[in-house]
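A structural walkthrough
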Amino acid sequence: MPQRTVYLETFGCQMNELDSELVAGSLRALGYAFTTDASAADVVLYNTCSVREQAEQKVWSRLGELKARKAAHPELVVGVLGCLAERDGVDLIKRMPVVDVMCGPGELDKLPTLLDNAVRTRESIIAGGTIEPDGRPRIRSASQVALQGNTSRRSATLAAAEDSLELLDLSRSVSPTDHGGTAYVRITRGCNKFCTYCVVPFTRGAEIHRPPDHIIDECKRLADAGVIEVTLLGQTVNHYRFEHGAAVTTNGITQPQKGRAFTGAHRADPLRGAGVTTFADLLARIHDEVPAIKRLRFVTSYPRDFGDDVLQVIRDHPRICRYLHVPAQSGSDRMLGVMNRGYEAAEYLDFLDRARAFLDQPELGRPLMISGDFIVGFPSETDEDFRATVALVERARYKNAFIFKYSPRPGTVAYDRMTDDVPEETKRRRNNELLAVQARISDEIAREQVGRTFDIMIEGVSKQQKKRAGASHGQIRKSNAVMLTVGGKDPTHDDASSNGACGDGCSHVHGAPVDTSHISHTDGPSNEPVQLSGRTDGDLIVFIDAPAHDATALIGRILPVRVDRAERLALHASFV
Ligand code: 5AD
Ligand code: SF4
């Protein structure tokens, strides 16, 4: 088969970015090449998100754009991967016949085979001349394939024993040049929390935890390839827990394990050290066993699952970052109840106080930075509920917060049983008001950093620099398109309104090839400074000018800087 070229575009969360990276690796191993130009590709893949409707709309419009091309080139193979594929399955193929292959997030290990079949089938259809007069292949529908997991959530033990997805993570190939010093590592999949608004427990299935040795091996392999910053991923990452006595081994491979609950809140797990690896243990092990990882992060945390043991481990292990992303979703106890969040506002704030007591050390250049997520306009939210959310945001002092207008998602409890009764105009007003409150706080926090010295991880050329170099928005998007998020905001939330974090540095995507094309020799004299962007360990975005001839060499390194000024929520610094 001649070499096929793939265009792969990713929407949504970091979990999706990692999935895309792994899929791209396995396709590369089979001889597929990748392009950032969709119009030049033989295979177009969209890795989708269905957490909010807006994310879904983007995929629909991309698919719509492909219709004409597919009519002219029926051999083009189009695939939809990820959460939308899981949720809408065969309905999606019916609604959008341009799609040949669909693959839910739980079946991605089978994608190469599906794709190979689709590509061959299309070639033989074309070769066999079975094309309708309108250019469409005659047996089109027979060649369409959809792979979903069982959305009724398989028995978790069985699912764990069968979880061949682990092989996808285990087979990860890391080349020393394509990561920019940073990488994601998955530690848990799925979610058992069932917040009433959320599709994730349905699209990603039951929570399972990877064996700690697999995670450590992966970190070591990444470190050997030059990665110095690892972000551990899980929907409720701090719920990680692996019981060794209960581990299942198939064909010599220890399988991931279903979530075996321990809800001790502040208390340390009684089985800690006795055959259980807790989240605290895992952090400590990675820190101690893979010293080449200079920064260890984790997202996203669930507020109730934070024991003091985790906070202690973060405090006592210097390479673990002082950054927590802990969504509150609302400040109203009534809303938290209908959202099924499992905590009250006071408990949440109490957790923030505990975390700050353990971890906030600005005098050592290590202030604790916290970010949150909120949903405004959830069914039945009153002005009083919303005022409670504003009060919580004032108290919490997030470095930034992602604020979403409630979006009803088919399949969720809120969609089935609650009326989306907050008018759009009210959602918009609350969204804007909360954004304004958070913008003021983010600005205050940014100003507090002026004069402080931080180590920053240089992630790449700033977006402003790219603009200066004459890159159009479209070009920037293309440069991110191989396996990455679209949208200039935080990679987690491509349709969020956010203040603080969605500055320039957010266009950098972890695990992506570093794009240095904007340090161009055509930019002007080569000694003209280039603006780079980096992050503190607390995840504050910092801009820094570097001489053009040094800039490329600085990317992917951790260097000390002093913050000179805070401007429009962004920090500007110089090397010390
Ligand atoms: N509507 C709006 N926002 C949502 N989120 C999840 N589901 C929905 C929904 N149906 C937000 C939550 C979550 C983030 C990833 O997306 O704030 O933390
Ligand atoms: Fe969704 Fe709640 Fe699970 Fe987060 S904790 S993924 S919001 S169900």
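First, a word on what this report is: a plain description of the structure on this page.

About the thresholds
Residues numbered from 1 in each chain as written. Chains lettered and ligands numbered in written order. Predicted model: local features only at pLDDT ≥ 70, side-chain atom pairs only at ≥ 80, totals over all residues. Heavy atoms only, no water. Helix = DSSP H or I, 4+ residues; strand = E, 2+ residues; numbered from the N terminus. Areas by Shrake-Rupley, 256 points an atom, 1.4 Å probe, with all protein chains shown as cover. 1 Å grid on protein atoms, 1.4 Å probe; cavity = no way out; pocket = protein on both sides within 12 Å on 5 of 7 lines; lining within 4 Å. Points joined across faces, edges and corners; volume = space filled by probe spheres on them. Nonpolar A, V, L, I, M, F, W, Y, C, P; charged D, E, K, R; others polar. Axes fitted to C-alpha atoms, helices over the stretch in contact; angles between N-to-C directions. Parallel < 35°, antiparallel > 145°, perpendicular 65-115°, else oblique. Left-handed = near helix turned anticlockwise from the far one by under 90°. Contact = heavy atoms within 4.5 Å. Near = heavy atom within 4 Å. Polar contact = N/O pair within 3.5 Å; in protein donor to acceptor, adjacent residues only side chain to side chain. Sits in = over half its atoms within 2 Å of the grid points. Pairing = 2+ DSSP bridges. Salt bridge = Lys/Arg side-chain N within 4 Å of Asp/Glu carboxyl O. Buried < 20%, exposed > 50% of the residue type's maximum accessible area, 1.4 Å probe, protein only. Phe/Tyr/Trp six-rings, centres within 6.5 Å; stacked < 30°, edge-to-face > 60°. Lys NZ or Arg CZ within 6 Å of the ring centre and 35° of its normal. Right-handed = clockwise from strand over helix to strand, strands pointing away.

Looking now at the overall build of the protein chain. Counting its secondary structure elements, the protein chain contains 19 helices and 25 strands. Only carbon and sulfur atoms are counted for the fraction: they give 51% of the accessible area of the protein chain, which is about 21700 Å².

Let us look at empty space enclosed by the protein. For the structure on display, the rule yields five cavities of 30 Å³ or more. Considered as a void within the structure, the largest cavity measures approximately 700 Å³ in volume. Taken together, 38 residues line the largest cavity, and the ones lying closest to its centre are Val51, Cys198, Val200, Gln235 and Asp373. Partitioned by chemical class, the residues of the lining of the largest cavity number 20 nonpolar, 11 polar and seven charged.

Glancing now at the packing of helix α10 (residues 279-289) against helix α11 (residues 308-316). Orientation of α10 relative to α11, taken along the N-to-C sense of each, is 15°, at an axis distance of 8 Å. Between α10 and α11, the crossing angle belongs to the class labelled roughly parallel. Helix-helix and strand crossings are classified by hand; for α10 and α11 the assignment is left-handed. Residues Phe279, Ala280, Leu283 and Ala284 of α10 pack against Asp309, Val310, Val313 and Ile314 of α11. Among the residues making up the contact of α10 with α11, the classes are represented as seven nonpolar, no polar and one charged.

Turning to the site of ligand 1, a few remarks are in order. Lining the immediate environment of ligand 1, one finds 12 residues, of which Arg52, Tyr197, Gln329, Asp373 and Ser407 sit closest. Note that an oxygen atom of ligand 1 is positioned 2.6 Å from one of the side-chain N or O atoms of Asp373. A molecule is said to occupy a pocket when more than half its atoms come within 2 Å of that pocket's grid points, and by this definition ligand 1 occupies the largest cavity. Within the residue set of the shell around ligand 1, elements represented by two or more residues are β18 (369-376) and β19 (400-405). Grouping the amino acids of the shell around ligand 1 by side-chain chemistry returns five nonpolar, three polar and four charged.

The full set of residues close to ligand 2 is Cys191, Lys193, Phe194, Cys195, Tyr197, Cys198, Val200, Pro201, Gln235, Thr236 and Arg341. Judged by its atoms lying within 2 Å of the grid points, ligand 2 is housed in the largest cavity. Its residues assigned to classes, the shell around ligand 2 shows seven nonpolar, two polar and two charged.

Turning our eyes to something else, we now look at the environment of Gly331. Take Gly331: it is sitting in the loop between β17 (323-325) and α12 (333-338). In this structure, the C-alpha to C-alpha distance between Gly331 and Val390, residues 59 residues apart in sequence, is 7.2 Å. Among all residues touching Gly331, those that are not within four sequence positions of it are Ala345, Ala388, Thr389 and Leu392.

Looking now at the sheet that holds strand β23 (residues 541-546). The sheet built from five strands closes into a barrel, its strands ordered β20-β22-β23-β25-β24 with mixed pairing. Here the strands of the sheet are splayed against their neighbours by 55° on average, with no regard to which way each runs. Where strand β24 (residues 558-567) lies against strand β25 (residues 570-575), six bridges are found, and the strand directions are antiparallel. Among the inter-strand pairings, Val561 is bridged to a residue of β25, identified as Phe575.

Take the sheet that holds strand β10 (residues 229-233) next. With parallel pairing, three strands are arranged side by side in an open sheet as β7-β10-β16. Unpaired on one side and paired on the other, β7 (182-186) and β16 (295-299) mark the two borders of the sheet. Neighbour to neighbour, the strand axes of the sheet diverge by 25° on average, direction disregarded. Against the sheet, α10 engages β10 and β16, with an angle of about 155° to β16.

With that settled, consider the pattern of salt bridges. Following the criterion strictly, the structure yields 42 salt bridges and no others. Of the charged contacts in the structure, one is a salt bridge between Arg186 and Asp169, with a shortest N-O distance of 3.3 Å. Taken together, the positions of Arg186 in strand β7 and Asp169 in helix α7 (residues 165-170) put the pair 17 residues apart, joining distant regions of the chain. Residue classification places Arg186 among the buried residues on the basis of a relative accessible area of 0%. Through salt bridges with shared partners, one network takes in Asp19, Glu21, Asp169, Arg172, Arg186, Arg189, Arg204, Arg210 and Glu218.

Across all of its chains, the model carries 10 aromatic pairs by this definition. An angle of 65° between the planes, with centres 6.2 Å apart, marks the rings of Phe11 and Tyr46 as edge-to-face. Residue Phe11 is located in the loop between β1 (5-10) and α1 (14-29), and its partner Tyr46 is located in strand β3 (residues 43-48); the two are separated by 35 residues in the primary sequence. By relative accessible area, Tyr46 is classed as buried at 3%. It is Arg95 that lies over the ring of Trp60; its NZ or CZ is 3.5 Å from the centre.

Further remarks concern the pairing of β3. Among the six residues in β3, six count as buried, and that is most of the element. The alternating pattern of β3 places Val43, Leu45 and Asn47 on one face and Val44, Tyr46 and Thr48 on the opposite face, and all of these are buried. In the sheet, β1 pairs with β3 via five bridges, with the strands oriented parallel. The residue bridging Tyr7 from the neighbouring strand is Val44, located in β3. Note: β3 against strand β4 (residues 77-82), six bridges, orientation parallel. Bridging from a neighbouring strand, Tyr46 pairs with Val80 of β4. Between the parallel elements β3 and β4, the chain passes through helix α2 (residues 53-72) in a crossover that is right-handed.

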